[in-house]
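Structural features, examined
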Amino acid sequence: MTDLSRHARQLRDLADALDAQSDLADDPLVPHPDTLEIINGRHTSRGQINYAVPDDLQIQRGIRRYHADHGIQHGDIAALALDIFLRARGYPPDRASGRAEER
């Protein structure tokens with residue numbers, strides 16, 4: 001009979017890793033800890049993004065209202081929202097190079 005203990009151990013390790021990830025996935029709107037660290041950093045360099053969005057969505061109004069209610073800066077609100085969206089779709093930032101990929 002084939003010894004499958006090594007495979008069982010690998011499956012347990014994989015299950016443990018998935019369990020650790022699922023703690024973050026319980027609420028899909030919770031910002032990733034790495035994102036919060038970057039946003040809260042004092043010396044974080046910033047870049048401008050400009051995209052036209054439908055006026056009917058009232059994105060700018062929502063950002064202003066959220067800022068008024070929570071005190072989070074407008075750029076940080078946009079960064080958090082986009083980071084959460086992109087991570088949820090499988091596009092996390094590439095931190096291996098020391099900074100996110102620019103396109």
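Our subject is the structure listed above.
Note that the structure is predicted; figures quoted are calculated from it, not measured.

1. With respect to the overall build of the protein
Looking only at helices and strands, one finds 4 helices and 0 strands in the protein. Along the protein, helices (α) and strands (β) appear in the sequence α-α-α-α when read from the amino end. Taking all 103 residues of the protein together, 8% fall into the buried category. Across the protein, every contact between residues at least 6 apart in sequence was considered, and the portion connecting residues at least 24 apart equals 53%. Carbon and sulfur atoms make up 53% of the accessible area of the protein, which amounts to about 9,300 Å² in all.

2. Focus: the pattern of salt bridges
This model, assessed by the stated rule, comprises 2 salt bridges. In this structure, Asp76 engages Arg46 in a salt bridge whose closest nitrogen and oxygen atoms are separated by 2.8 Å. On the criterion of sequence distance, the pair formed by Asp76 in helix α4 (residues 74-88) and Arg46 in the loop between α2 (33-40) and α3 (59-70) is long-range, its members being 30 residues apart. On the accessibility criterion, Asp76 (11% relative accessible area) is buried. Between Arg87 and Asp83 there is a salt bridge, with its nearest N and O atoms 2.7 Å apart. Note that Arg87 and Asp83 are positioned in helix α4 at a spacing of 4 residues, about one turn of the helix. With relative accessibility at 14%, the residue Asp83 sits in the buried group.

3. Section: the environment of Pro31
Tracing the backbone shows Pro31 in the loop between α1 (5-25) and α2. Sequence separation between Pro31 and Ile84 is 53 residues; the distance between their C-alpha atoms is 6.2 Å. Every residue in contact with Pro31, bar those within four places of it in the chain, is listed here: Leu36, Leu80 and Ile84.

4. Details of a nonpolar patch on the surface
Taken together, the side chains of Ile49, Tyr51, Val53, Leu57, Ile59, Leu82, Phe85, Leu86 and Tyr91 present a nonpolar region at the surface, about 950 Å² in accessible area. The leading source of residues in the nonpolar patch is α4, at 3 residues. Mapping Leu86 onto the fold places it in helix α4.

Calculation notes
Residues numbered from 1 in each chain as written. Predicted model: local features only at pLDDT ≥ 70, side-chain atom pairs only at ≥ 80, totals over all residues. Heavy atoms only, no water. Helix = DSSP H or I, 4+ residues; strand = E, 2+ residues; numbered from the N terminus. Buried < 20%, exposed > 50% of the residue type's maximum accessible area, 1.4 Å probe, protein only. Contact = heavy atoms within 4.5 Å. Areas by Shrake-Rupley, 256 points an atom, 1.4 Å probe, with all protein chains shown as cover. Salt bridge = Lys/Arg side-chain N within 4 Å of Asp/Glu carboxyl O. Patch = residues over 30% accessible without salt bridge, like charges linked within 9 Å, V, L, I, M, F, W, Y side chains within 5 Å.

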